[in-house]
Amino acid sequence: MASATKTRNAVTRMLVAVAVLSGLVLTTAQAHAATPSAATPATTATLPAVDMEATVLAAQIDPRRADNTLTPGAHDSVLAVEQALEARHLLDARWVDGYFGTTTITAYAAFQRSLGYTGLDANGLPGATSLALLGQGRFTVTHQIGPGAKLQRDGYTINTRTQNMLTAAENILGFHLTLSQGSYNPGGDPTSAGTHDGGGVVDVNIDGMSTTTRTDVARALRQVGFAAWVRNPSQGNWPWHIHAAAISDTDLSTQAQNQTGDYYLGFNGLANHGADDGPRIPIQTWEQYQRTH
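Cut-offs applied
- Residues numbered from 1 in each chain as written.
- Predicted model: local features only at pLDDT ≥ 70, side-chain atom pairs only at ≥ 80, totals over all residues.
- Heavy atoms only, no water.
- Helix = DSSP H or I, 4+ residues; strand = E, 2+ residues; numbered from the N terminus.
- Expected span 1.5 Å × (residues − 1).
- Buried < 20%, exposed > 50% of the residue type's maximum accessible area, 1.4 Å probe, protein only.
- Contact = heavy atoms within 4.5 Å.
- Polar contact = N/O pair within 3.5 Å; in protein donor to acceptor, adjacent residues only side chain to side chain.
- Core = buried A, V, L, I, M, F, W, Y, C linked by side-chain atoms within 4.5 Å.
- Pairing = 2+ DSSP bridges.
- Phe/Tyr/Trp six-rings, centres within 6.5 Å; stacked < 30°, edge-to-face > 60°.
- Lys NZ or Arg CZ within 6 Å of the ring centre and 35° of its normal.
- pLDDT = per-residue confidence, 0-100.

## Things to note about helix α3 (residues 75-87)
For step 1, the next point in the chain: An ideal rise of 1.5 Å per residue puts 18 Å on 13 residues; α3 measures up with 18 Å between its terminal C-alpha atoms.
For step 2, the next point in the chain: Those residues of α3 not exposed but buried are Ser77, Val78, Ala80, Val81, Glu82, Ala84 and Leu85.
For step 3, the next point in the chain: Looking at the buried residues of α3, the elements they touch are β1 (49-51), α2 (52-61), α4 (102-114) and α5 (128-134).
For step 4, the next point in the chain: Where α3 terminates, the next one or two residues include His89, which has phi positive at roughly 60°.

## Some words on unusual backbone geometry
For step 1, the next point in the chain: If you check the backbone angles, His89 has positive phi at about 60° while not being a glycine.
For step 2, the next point in the chain: Along the chain, the position of His89 falls in the loop between α3 and α4.

## Considerations on helix α6 (residues 160-173)
For step 1, the next point in the chain: Counted at 1.5 Å a residue, the expected span for α6 with its 14 residues is 20 Å, and the 20 Å between its end C-alpha atoms agrees.
For step 2, the next point in the chain: Along α6, the residues classified as buried are Arg161, Thr162, Met165, Leu166, Ala168, Ala169, Glu170 and Leu173.
For step 3, the next point in the chain: N-capping of α6 is provided by Asn159, with a side-chain oxygen placed 3.2 Å from the backbone N of Arg161.
For step 4, the next point in the chain: Gly174 lies just past α6 and shows a positive phi near 85°.

## Concerning the nonpolar core
For step 1, the next point in the chain: Ranked by size, the top nonpolar core spans 29 residues in total, and within it Val81, Leu85, Phe100, Tyr108, Leu131, Leu134 and Phe139 carry the most contacts.
For step 2, the next point in the chain: Of all elements in the fold, only α2, α3, α4 and α5 reach the threshold of two or more residues within this core.
For step 3, the next point in the chain: Ignoring any residue separated from it by four or fewer positions in sequence, one finds Leu131 in contact with Val50, Met52, Val81, Tyr108, Pro126, Phe139 and Val141.

## Regarding the pairing of strand β6 (residues 201-204)
For step 1, the next point in the chain: Of the two faces of β6, the one lined by Val201 and Asp203 and the one lined by Val202 and Val204 are each fully buried.
For step 2, the next point in the chain: Across two bridges, the pairing between strand β5 (residues 179-181) and β6 is antiparallel. Counted as the bridge partner of Gln181 is Asp203 from β6.
For step 3, the next point in the chain: The sheet contact formed by β6 and strand β8 (residues 241-246) spans four bridges and is antiparallel.

## Some points on the packing of aromatic side chains
For step 1, the next point in the chain: According to the stated counting rule, one finds four aromatic pairs in the structure shown.
For step 2, the next point in the chain: With a centroid separation of 6.2 Å and an interplanar angle of 75°, the aromatic rings of Tyr263 and Tyr264 are classed as edge-to-face.
For step 3, the next point in the chain: Relative to Tyr289, the ring of Trp286 has its centre 5.9 Å away and its plane inclined at 20°; by these criteria the two rings are stacked. Taken together, the residues span about one helical turn, with Trp286 and Tyr289 both in helix α9 (residues 286-291) at a distance of three residues.
For step 4, the next point in the chain: Given a relative accessible area of 9%, Trp286 falls into the buried group.
For step 5, the next point in the chain: A network of ring pairs unites the aromatic residues Trp229, Tyr263 and Tyr264 as a single cluster.
For step 6, the next point in the chain: The ring of Trp240 carries Arg214 above its face, with NZ or CZ at 4.3 Å from the centroid.

## Considering the confidence of the model for the chain
For step 1, the next point in the chain: When the pLDDT values of the chain are averaged, the result is 88; 85% of them are 70 or greater.
For step 2, the next point in the chain: Scored below 50 in pLDDT, residues 1-44 shows zero contacts in the model against residues more than four places distant or in partner chains.

## Brief notes about the side chain of Glu287
For step 1, the next point in the chain: Structurally, Glu287 is set in helix α9.
For step 2, the next point in the chain: Classification of Glu287 by relative accessible area gives buried; the value is 11%.
For step 3, the next point in the chain: Not counting residues up to four positions away in its chain, the partners in contact with Glu287 are Glu53, Ile145 and Arg161.

As structure tokens, this is what we get:
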């Protein structure tokens, strides 16, 4: 009996020792996990963020300004982009100021070409891919935007973003809009002066519409993020129509970029640089419209 008791006590002591040892081993493993080794690199500081929406908007408006007024909310993002362009020896330090003027447009287009881009892909407007590549190791990109895939509407080529904008305008109006010209139509209509060469630009057929309805259509298009005007034959060699350019479409031709910038500054988007003759409403982009509807 005494021998059995000793055996039980020995087994108990062994189990306690194993438990203690296991605890020590676990604690040691936890300690190693919590303590960085000498081979672990130091934590990298958080990179600044570039707001793509604000940057693209500034790239349309700033080059059209008569002064160096900054686009609200874009300064820090534009500055980070310019610093990255300067680091690549594409932009002189004196132009690194948070203002996305013509010199910065030229520098950004040069960067796009350095990536092998041509045509619309090297139009100086930051695209999601080129902006991410420019920012590697320097900044992250937030509020990304893009034109989406190309599609057909009324026999014309447009992109997905433009289609969604037109649908939203139709929902406001309660009727369908028919196009008389689409996008991605280089040289297709000489009277358009290149505005339809890229994406985001359409002409809306207004046959049979009253003056009031025409204005309502232009207003609805503006509400969803187009720079839109009712055009008439006295302004150029064209029939009555509504011309609409989607603000911040990154496929905009240079001429269309200029139109959207002029729209923000109160002009009519024509070569005469006249006053805006369309319905004046608070200007917003498609992305801003989506956030409130």
